[in-house]
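Here are the chains, one letter per residue:
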Amino acid sequence: MSISHRFGRSTAWIVDRPGWAYLFLIVMSAIATVGYVDPERVRNLFLPHAKDPLEPVASSVANTETPKKPRPNVEALEMTRSDAILVIESDDVFTPSGAKALRAMISSLEAIPYVRNLLWMDRVPVLNIFGLREPLFPKSEASPARFVVARERALKHPLVKGQLLSPDGRTLIVLVNFDWLYVTSDEDCSSNLRKTAESALAEFPDVKFTVGVTGQVPIRLTMMQTHERNNLKFRVIGYGVVILMAAVLFRGVVSVVILSLGPILGIFWTIGFLNFFHLQDNPFNDVVLPVMLSLVGLADGVHMMVQIRRFHSAGMGERDAARAGLQEVGLACFLTSITTSIGFWSLTLAQHEIVKEFGWSCVLGVILTVFAILIVIPLAYLSRPAKFLRTLLSRKILGIRLEPIEQQEGFIERHLHRVVGFVDLILRYPKPVAWVGIVVTVVCAMIAMQLRPDERRSSFLPESAEATKALHQMDKALGGLEFSEVRIHWSSNVASDSTEVLKVVTQVDELLKSEPLIGTPLSIRSLLDALPGDSPTEERASMIELLPPPLKRAFYKPEDQYATVTFRVLDIGIAKYSTVFQRIETGLAQVVGEHPEFRLDLAGSAIHRWRNLYRIALDMGSSLGSETIIIICVLGIVFRSVRIGLIAMVPNIFPLVICATWMVFTGQPLEIVTVCCFTICLGIAVDDTIHFLTRFQEELPRSTSRKQAIRRTFEAVGTSMLMTTMVLVAGFFTVTFSDLRDQRIFASMGVLTMITAMVGDLVFLPAILAVYTVPAPGETAVEKDRPTA
């Protein structure tokens, strides 16, 4: 007895004992519903009761408490962090009317209850050693000549030029921090700020200002709002297009409804279960996961529906047709769920948390969806509503007798003979075609090795969003929104007020200024150089104490033996900074060589992303590598042939390397989204191959030659393969209209991969099977090379 028949017997209870199957569906749906309503109730059942945390904390503190050096009770000036940033652009900044408009705008913003404080160029701390304020921004009554002088003074101020004002004097920023007690809506942190500023500036029609809002909070809100908006939008579009495609292909209302029930229930279970594991907030889970599960479920569901309808139209009863469909296709569906889960599980080997969580979510989703498909489709086909609809549609309506729905031929079925003829043409020349497929795959794989990883902050934002536009404006005018820094530590052997500290800070500062992509370094050296005097910076150590404490402690903390040099980073792709940061690290190492009592470290979010870039490449390599090996092993075990496993990988690696080659030629980098897409598409693309191989193993013993077995196999599963490809392409294509760049990339790669996967299964797989598989029983040497009829 073949493994397909054994699997069919093990799943026959779904048809023969439907009561147990319905009970299983009810229990699973009830558990998933709890995940939507009250997931904490289930979590608490499995979480251990926590001990009172106060006792161990208290004892730990008592044992480890050490005396600390006294710290000044001073709040350091914070210029690298703020809740929001107003980006203001105008040619009238340093004019009397422009000054009046800006001050009116600042007053309006400060009157907002939830605005805790503002920092702009007219509020920077005093640098004058005598504490006398030198206004950077004259009053509106000042003469034009004074505004010219003020502009020159502002562009020489270390806290203004490149920090709060662009070098050309046209773009200024206002750093905003919120009092969260008074924030009542998301709009308060973004659009309401801009509206307040624009309303105040509108009172001065003789000057023209443009205002944008970006920063930490607006960017985060934009990401959340975009995902929430796309969540419903693209689920509806994706499911609608998939159902429409299924209706066109099947030409049957009953079949489409039955086909849709399995994926819908699988997605319902998955989202509910994800809530138990705190995985529902992953950015890929709100749009990509449901659409992907619907496509995976429909791919297996199409194969099962085609077989059940075929058996039913051949004269079998409904129950026998459902049982035979499970036997013929159930094993292939189960194998595809295993291999697809392997592909998604390989994502969990990644070091990036988003990728790892998405991998676990996909594994759970695929397992639940395949259970839903295997149980729901046979039950739905045998249900009384489905029988009633089939009977109704088979009767005379308005005097016209409709053809029974099971006997209607869909679009693919009517034109399948054309594709079979193409397969016959491939089988006439199997060796050249097989070698072409192998060579093209190898060459494209070598080209794909040129892919380089990259990442941008704006990748997760729609280009049309206000926060994104303001971010790009800051890139162009101020050298970037994102800050990083060089942290300088020195040992206790070095006096904090020694000239060596300032000498090291100066060297670091000069090193950063030598890099064109590094924006406006700022340090204690910058402040000292702005003070009167011509002596070198390292000889001004005594003047540090004359700086205002909030300003000094922003860059220099002698009690911690610590200083810092901050700089801006453009959002142009972190890969472009790879050589820049490498040169900086080399230069820092040289400085440490000259001053061995010091330690210099690059730090910041941009540095973190750069250091972890290699992980993306490693994630892709480990994911695809482990996935490939495990799939080969699984197929080898199931089909009892390592050769079959190796053969299966050629048509499935082919679409991935084609897609990677396209990325290389179009200049696209390797990003998190592409790593996910490569792994996911391999898991999905192998589904049709498994269905083909499963049927081929069934047909080979009953055929006189491998070519005959291949032709019969394609006649049996070709309709399903073409249908699933069209449905998958349609589903992925809907997401290409997303306003998120990452989702568009994911969808476009999915479309390209599915189309090329069909080429691999339609062209290369038959040729390789005809050449490299074990001959059919009784196949002679002459028959091996004989063309198919």
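Treat the numbers as computed from the prediction; the structure is a model and nothing was measured.

Participant: I'd love a proper account of the packing of helix α12 (residues 318-345) against helix α13 (residues 353-382), names of residues and values included.
Facilitator: Relative orientation of the contacting elements α12 and α13 amounts to 175°, with a least axis distance of 10 Å. Overall, the two elements α12 and α13 adopt an arrangement that is roughly antiparallel. Between α12 and α13, the contacting residues are Glu318, Arg319, Ala322, Leu326, Gly330, Cys333, Ser337, Thr340, Ser341, Phe344 and Trp345 on the first element and Gly359, Trp360, Cys362, Val363, Val366, Ile367, Val370, Leu374, Pro378 and Leu382 on the second. Here the contact of α12 with α13 is composed, by residue class, of 14 nonpolar, five polar and two charged.

Participant: Which residues make up the pairing of strand β1 (residues 84-89), and what values go with them?
Facilitator: Judged by how many residues are buried, β1 sits mostly within the fold: five of six residues are covered. Pairing of β1 with strand β3 (residues 171-178), which is carried by six bridges, proceeds in the antiparallel orientation. By the bridge assignment, glutamate 89 is partnered in β3 with threonine 171. As defined by bridge partners, β1 adjoins strand β4 (residues 210-214) across five bridges and the pair is classed as antiparallel. Looking across to β4, one finds that glutamate 89 is bridged to threonine 210.

Participant: Tell me about the pattern of salt bridges, and name the residues and values.
Facilitator: Once their charged atoms are close, side chains differing in charge can pair, the charge on each being opposite to the other. For the structure shown, the criterion picks out 23 salt bridges. The partner of glutamate 89 in a salt bridge is arginine 170, with the nearest N and O atoms 2.8 Å apart. Taken together, the residues span a long stretch of sequence, with glutamate 89 in strand β1 and arginine 170 in the loop between α7 (144-154) and β3 at a distance of 81 residues. The class of arginine 170 is partly exposed, set by a relative accessible area of 27%. Its salt-bridge partner being aspartate 320, residue arginine 323 comes within 2.8 Å of it at the nearest N-O pair. Separated by three residues within a single helix, arginine 323 and aspartate 320 lie in helix α12, roughly one turn from each other. Under the relative-accessibility criterion, arginine 323 is labelled partly exposed at 25%.

Participant: Give a description of the confidence of the model for the protein that names residues and reports values.
Facilitator: In the predicted model, the protein carries a mean pLDDT of 80, and 84% of its residues have values of at least 70. Taken together, the stretch residues 49-68 has pLDDT below 50 and engages in zero contacts with residues farther than four places along the chain or on a different chain. Of the regions scoring below 50 in pLDDT, residues 396-408 engages in 27 contacts with residues more than four places distant in sequence or in other chains.

Participant: An account of the sheet that holds strand β2 (residues 115-119) is needed here, citing residue identities and associated values.
Facilitator: The four strands lie next to each other as β2-β3-β1-β4, forming an open sheet whose pairing is antiparallel. Strand pairing shows two members of the sheet lacking a second neighbour, β2 and β4, which therefore form its edges. With direction set aside, neighbouring strand axes in the sheet form an average angle of 25°. Here four bridges tie β2 to β3, and the two strands are oriented antiparallel to one another. By the bridge assignment for β3, asparagine 117 is matched with asparagine 177. Against the sheet, helix α17 (residues 466-478) touches β1, β3 and β4, its axis set at about 105° to β4.

Participant: Break down the nonpolar core for me, citing the residues and quoting the values.
Facilitator: With 105 residues, the main nonpolar core has Met105, Met121, Val174, Leu193, Ile488, Ile524 and Phe581 as its most contacted residues. Element by element, the count of residues in this core is highest for helix α18 (residues 499-513), at seven residues. If we ignore the near neighbours within four places in the chain, the residues touching isoleucine 524 are Leu502, Val505, Ile544, Leu547, Lys552, Phe555 and Tyr556. If you look at the next biggest cluster of nonpolar residues, it comprises 94 residues, including Leu335, Ile672, Ile690 and Met758.

Participant: Just give me the short version of the packing of helix α11 (residues 288-313) against α13, but keep the residues and values in it.
Facilitator: Look at α11 against α13: their axes get within 9 Å of each other, and the N-to-C directions meet at 30°. By the angle class used here, α11 and α13 are roughly parallel. Here α11 runs over α13; the crossing is right-handed. Taking contact as the criterion, the partners of Val288, Leu289, Met292, Leu293, Gly297, Asp300, Gly301, Met304, Met305, Ile308, Arg309 and His312 in α11 are, on α13, Phe358, Ser361, Cys362, Gly365, Val366, Thr369, Ile373, Leu374, Ile377, Pro378 and Tyr381. Broken down by class, the residue content of the contact of α11 with α13 amounts to 15 nonpolar, six polar and two charged.

Participant: Please give an account of unusual backbone geometry that cites residues and values.
Facilitator: For threonine 520, which is not a glycine, the phi torsion comes out positive at approximately 45°. Locating threonine 520 in the fold gives a position in strand β8 (residues 518-522). Looking at threonine 520, the relative accessible area reads 28%, which means it is partly exposed. Residue glutamine 561 is not a glycine yet carries a positive backbone phi of 50°. Relative to the elements of secondary structure, glutamine 561 occurs in the loop between β9 (556-557) and β10 (562-569).

Calculation notes
Residues numbered from 1 in each chain as written. Predicted model: local features only at pLDDT ≥ 70, side-chain atom pairs only at ≥ 80, totals over all residues. Heavy atoms only, no water. Axes fitted to C-alpha atoms, helices over the stretch in contact; angles between N-to-C directions. Helix = DSSP H or I, 4+ residues; strand = E, 2+ residues; numbered from the N terminus. Parallel < 35°, antiparallel > 145°, perpendicular 65-115°, else oblique. Contact = heavy atoms within 4.5 Å. Nonpolar A, V, L, I, M, F, W, Y, C, P; charged D, E, K, R; others polar. Buried < 20%, exposed > 50% of the residue type's maximum accessible area, 1.4 Å probe, protein only. Pairing = 2+ DSSP bridges. Salt bridge = Lys/Arg side-chain N within 4 Å of Asp/Glu carboxyl O. pLDDT = per-residue confidence, 0-100. Core = buried A, V, L, I, M, F, W, Y, C linked by side-chain atoms within 4.5 Å. Left-handed = near helix turned anticlockwise from the far one by under 90°.

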